[in-house]
2 protein chains.
Amino acid sequence: MKIKRSERLVDMTDYLLNRPHALIPLTFFAQRYDSAKSSISEDLTILKRTFQARGIGLVETVPGAAGGAKYIPYILKEAADHFMDDVIAILNNSHRLLPGGYVYMSDILGDPEKLRYLGRMIATQYLNQRVDAVLTVATRGIPIAQAASAYLNVPLVIARHDTNITEGSTVSVNYVSGSSKKIKRMTISKRSLDEGANVLIVDDFIHGGGTINGLTSLIEEFDCNLVGSTFFAEGASKSGTQTVGNYTSLVKMENEANGEMRITKGNYDEKIFGSK
Amino acid sequence: MKIKRSERLVDMTDYLLNRPHALIPLTFFAQRYDSAKSSISEDLTILKRTFQARGIGLVETVPGAAGGAKYIPYILKEAADHFMDDVIAILNNSHRLLPGGYVYMSDILGDPEKLRYLGRMIATQYLNQRVDAVLTVATRGIPIAQAASAYLNVPLVIARHDTNITEGSTVSVNYVSGSSKKIKRMTISKRSLDEGANVLIVDDFIHGGGTINGLTSLIEEFDCNLVGSTFFAEGASKSGTQTVGNYTSLVKMENEANGEMRITKGNYDEKIFGSK
């Protein structure tokens, strides 16, 4: 039975949104809706235009016999700024201040709607780069890393501080914690990364840079390539300098003289959207 | 500027898919597209029909001045079975067998496409029940719990075995591990659950039932209600019996006499789809 355009548009939108970065052949849609390829092409033109007009993402169409359509999620700077202004206002609420100059943010990083925004923001920076996996370290970085992995549609790999029998053979590295200067250890399963994979690091917080050094060592152990690293929050290091230079942060946390924290925008404007 | 129906259908689909269980007022869409409410109602009828025909979910329309539309994700039994057959075939590959009778499954629980299916399956069981939060315990249960929380559109709350200064005041409980019979401890932030909330437990694995007892104690400490509990995998307990009765499992793992593992369907057919 031939399917009407209106139904095709709704179903194709759902289908593509659920498969970011995957090339869906035109013939697949033609069969799915028992429709001519030319009709499918017209549908895709409507999707492409709407996705662009509404800031949903890019619909890339690949011409030819092996051609098809690919949905590449992104977020526009305006929408990202609007969202981040809200998040920063929430974080600056004094009720969130914890002893020791910390800020409670687990609820933000556990809120599915916010995670969708955060995932899209992170994915936007790597729109045109090949990413094969997202790497994070347990525990608090997992939700935001998973959100990024969902929009990039690549596996999420979790390093752990403990070892677990359910991971099989593992690879471990030692690293020096940037804040406490203690030697720590992190481990991932040998099966979790392929040699030569392009790996994006995503974590909740960067302080002294120790964790990122550990994760970078793991990436080297697997002969993988580090594509970049994105952190939800960047804290001012006690020594005043970060030990790693090139990363993206969504918010910045600074201790004020009166013991309060001040949360401001991270460097994402420049890193994700290329503006200063 | 008036927006054409084709563009409205694409954008409304995206908008609703990104906000499961949220009631979107008709007036919101009417303003967004500068269109009459009657046109929006017709659009929603098309969405509703397509979502149902394609097994995407329910579009509930609430009539009246305060009315609107709500997308409730579900998965059809046929699609779930098809997906789970694939997962079970992958898990039964002998290369996954680890020493001690464990099966490597971290890649399945880190695959965004599979997590979308798993999340939809878990959400389907609680289609008509109020769920306010999804609770899991670090580390391996987080991705599947987050997937469920995304489709239920409720906060993800993570209990931890260690305590962390960034959680503020915490509540801890002791519990007896079902498999090792050791006394363990788990902790969550005092801020993470509201009194009276309806909580769904989601974790990767249930063996002796110790973890679920710990999570249940936490729920009691907060005067919350346990809505249900879903586990990716159910293992045969060493004592032969589970210490908790009522849970949903997607796969079942049994040790064979030859040391191999046999992975079969869990009880989800009955629990999620009400079939025997």
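Residues numbered from 1 in each chain as written. Chains lettered and ligands numbered in written order. Predicted model: local features only at pLDDT ≥ 70, side-chain atom pairs only at ≥ 80, totals over all residues. Heavy atoms only, no water.

**Regarding the relation of the copies chain A and chain B**
- Relative to chain B, chain A is turned by 180 degrees and slid 0.0 Å along the rotation axis, the superposed coordinates differing by an RMSD of 0.0 Å. Taken together, the rotation and translation relating the two chain copies correspond to the operation of a two-fold axis.
- Here 100% of the interface residues in chain A have copies in chain B that are interface residues too; the copies meet face to matching face. (Least-squares fit on C-alpha atoms with pLDDT ≥ 70 in both. Contact = heavy atoms within 4.5 Å.)

**As for the sheet that holds strand β2 (residues 57-62) of chain B**
All names here are of chain B.
- Within the open sheet, the 3 strands sit side by side as β1-β3-β2. Their pairing is antiparallel. Here the strands that pair on one side only, and so sit at the sheet edges, are β1 (23-25) and β2. Looking at each pair of strands side by side, their axes are set apart by 25 degrees on average, direction ignored.
- In this structure, β1 lies alongside strand β3 (residues 68-73), joined through 3 bridges in antiparallel fashion. Residue pairing for β3: Pro25 is matched across the bridge by Gly68. (Pairing = 2+ DSSP bridges. Helix = DSSP H or I, 4+ residues; strand = E, 2+ residues; numbered from the N terminus. Axes fitted to C-alpha atoms, helices over the stretch in contact; angles between N-to-C directions.)

**Remarks on the pairing of strand β9 (residues 183-189) of chain B**
All names here are of chain B.
- One ladder, built from 7 bridges, connects strand β8 (residues 170-176) with β9; its direction is antiparallel. Within the sheet, the bridge partner assigned to Val173 lies in β9 and is Met186.
- Taking the residues that link successive antiparallel strands as the turn, the β8-β9 hairpin has 6 residues, and the phi of Lys181 there is positive, at about 60 degrees.

**Some thoughts on the pattern of salt bridges**
- Counted under the stated rule, the structure contains 37 salt bridges over all chains.
- A salt bridge links Arg262 of chain B to Glu256 of chain B, with the shortest nitrogen-to-oxygen separation between them at 3.5 Å.
- Since its relative accessible area comes to 39%, Arg262 of chain B is described here as partly exposed.
- By relative accessible area, Glu256 of chain B is classed as partly exposed at 35%.
- Each of Arg5, Arg8, Glu42 and Asp43 of chain A takes part in a single network of salt bridges with overlapping partners. (Salt bridge = Lys/Arg side-chain N within 4 Å of Asp/Glu carboxyl O. Buried < 20%, exposed > 50% of the residue type's maximum accessible area, 1.4 Å probe, protein only.)

**Description of the interface of chain A and chain B**
- The interface is formed by 58 residues belonging to chain A together with 58 residues belonging to chain B.
- The contact between chain A and chain B buries some 4800 Å² in all, and 54% of this surface belongs to carbon and sulfur atoms.
- Our count for the contact surface shared by chain A and chain B stands at 7 salt bridges.
- Of the charged contacts in the structure, one is a salt bridge between Glu167 of chain A and Arg140 of chain B, with a shortest N-O distance of 3.9 Å.
- At the level of secondary structure, the elements contributing two or more residues to the side of chain A that touches chain B comprise α1 (5-17), α3 (37-53), β4 (97-98), β5 (102-103), α5 (112-125), α6 (142-152) and β7 (156-159) of chain A.
- With 8 residues, the single largest contributor to the side of chain A that touches chain B is α1 of chain A.
- In the side of chain A that touches chain B, the residues fall into 30 nonpolar, 15 polar and 13 charged. (Buried area = accessible area lost by both parts, 1.4 Å probe. Nonpolar A, V, L, I, M, F, W, Y, C, P; charged D, E, K, R; others polar.)

**A short note on the nonpolar core**
- Counting residues in hydrophobic clusters, the biggest one holds 83 residues, and the most contacted among them are Phe232 of chain A together with Phe232 of chain B.
- Aside from chain neighbours lying at most four places away, what touches Phe232 of chain A is Val87, Leu91, Met105, Ile108, Leu109, Leu118, Ile144, Asp203, Asp204, Ser249, Leu250 and Val251 of chain A.
- Counting 42 residues, the second largest nonpolar core, distinct from the first, contains Leu44, Ala69 and Tyr71 of chain A together with Ala69 of chain B. (Core = buried A, V, L, I, M, F, W, Y, C linked by side-chain atoms within 4.5 Å.)

**Looking at the packing of α6 of chain A against helix α6 (residues 142-152) of chain B**
- Contact pair α6 of chain A / α6 of chain B: the axes reach a minimum separation of 10 Å and the direction vectors enclose 65 degrees. In terms of orientation, α6 of chain A lies roughly perpendicular with respect to α6 of chain B. Crossing of α6 of chain A over α6 of chain B shows right-handed handedness. Contacts between α6 of chain A and α6 of chain B pair Ile142, Pro143, Gln146 and Ala147 of chain A from the former with Ile142, Pro143, Gln146 and Ala147 of chain B from the latter.
- A per-class count over the contact of α6 of chain A with α6 of chain B returns 6 nonpolar, 2 polar and no charged. (Parallel < 35°, antiparallel > 145°, perpendicular 65-115°, else oblique. Left-handed = near helix turned anticlockwise from the far one by under 90°.)

**Details of unusual backbone geometry**
- The residue after Ala138 of chain A, namely Thr139 of chain A, is reached through a cis peptide bond having omega 5 degrees.
- Summarising the element assignment, Thr139 of chain A is placed in the loop between β6 (133-137) and α6.
- Its identity as a non-glycine residue notwithstanding, Asn153 of chain B has a phi of 55 degrees, on the positive side.
- Here Asn153 of chain B lies in the loop between α6 and β7 (156-159).
- Residue classification places Asn153 of chain B among the buried residues on the basis of a relative accessible area of 18%.

**Quick notes on the domain arrangement of chain A**
Residues and elements named next belong to chain A.
- Taken as a whole, chain A is organised into domain 1 (5-73) and domain 2 (77-273).
- If you average the C-alpha positions of domain 1 and of domain 2, the two centres end up 33 Å apart.
- Between domain 1 and domain 2, the residue contacts involve 7 residues of the former and 6 residues of the latter.
- Carbon and sulfur atoms supply 52% of the area buried between domain 1 and domain 2, which totals about 590 Å² over both sides.
- On the domain 1 side of the contact with domain 2, Pro20, His21 and Pro73 bury the most area, a combined 65% of that side's loss.
- Across the domain 1-domain 2 interface, the total number found is 0 salt bridges.
- Taken together, the residues that form the side of domain 1 that touches domain 2 break down as 4 nonpolar, 2 polar and 1 charged. (Domains from an automatic or database assignment.)

**Thoughts on empty space enclosed by the protein**
- What the rule picks out here adds up to 2 cavities of 30 Å³ or more.
- Within this model, the largest cavity holds a volume of roughly 50 Å³.
- Around the largest cavity, the lining residues are Ile158, Arg160, Asp162, Thr163, Asn164, Glu167, Thr170, Thr187, Ile188 and Ser189 of chain B.
- A total of 3 residues in the lining of the largest cavity trace back to one element, the largest contributor, which is β9 of chain B.
- Classifying every residue of the lining of the largest cavity by side-chain character gives 2 nonpolar, 5 polar and 3 charged.
- Its volume calculated, the second largest cavity comes out at about 40 Å³.
- Counting residues per element, the lining of the second largest cavity draws most heavily on strand β9 (residues 183-189) of chain A, at 3 residues.
- Residues belonging to the lining of the second largest cavity are distributed by class as follows: 2 nonpolar, 5 polar and 3 charged. (1 Å grid on protein atoms, 1.4 Å probe; cavity = no way out; pocket = protein on both sides within 12 Å on 5 of 7 lines; lining within 4 Å. Points joined across faces, edges and corners; volume = space filled by probe spheres on them.)

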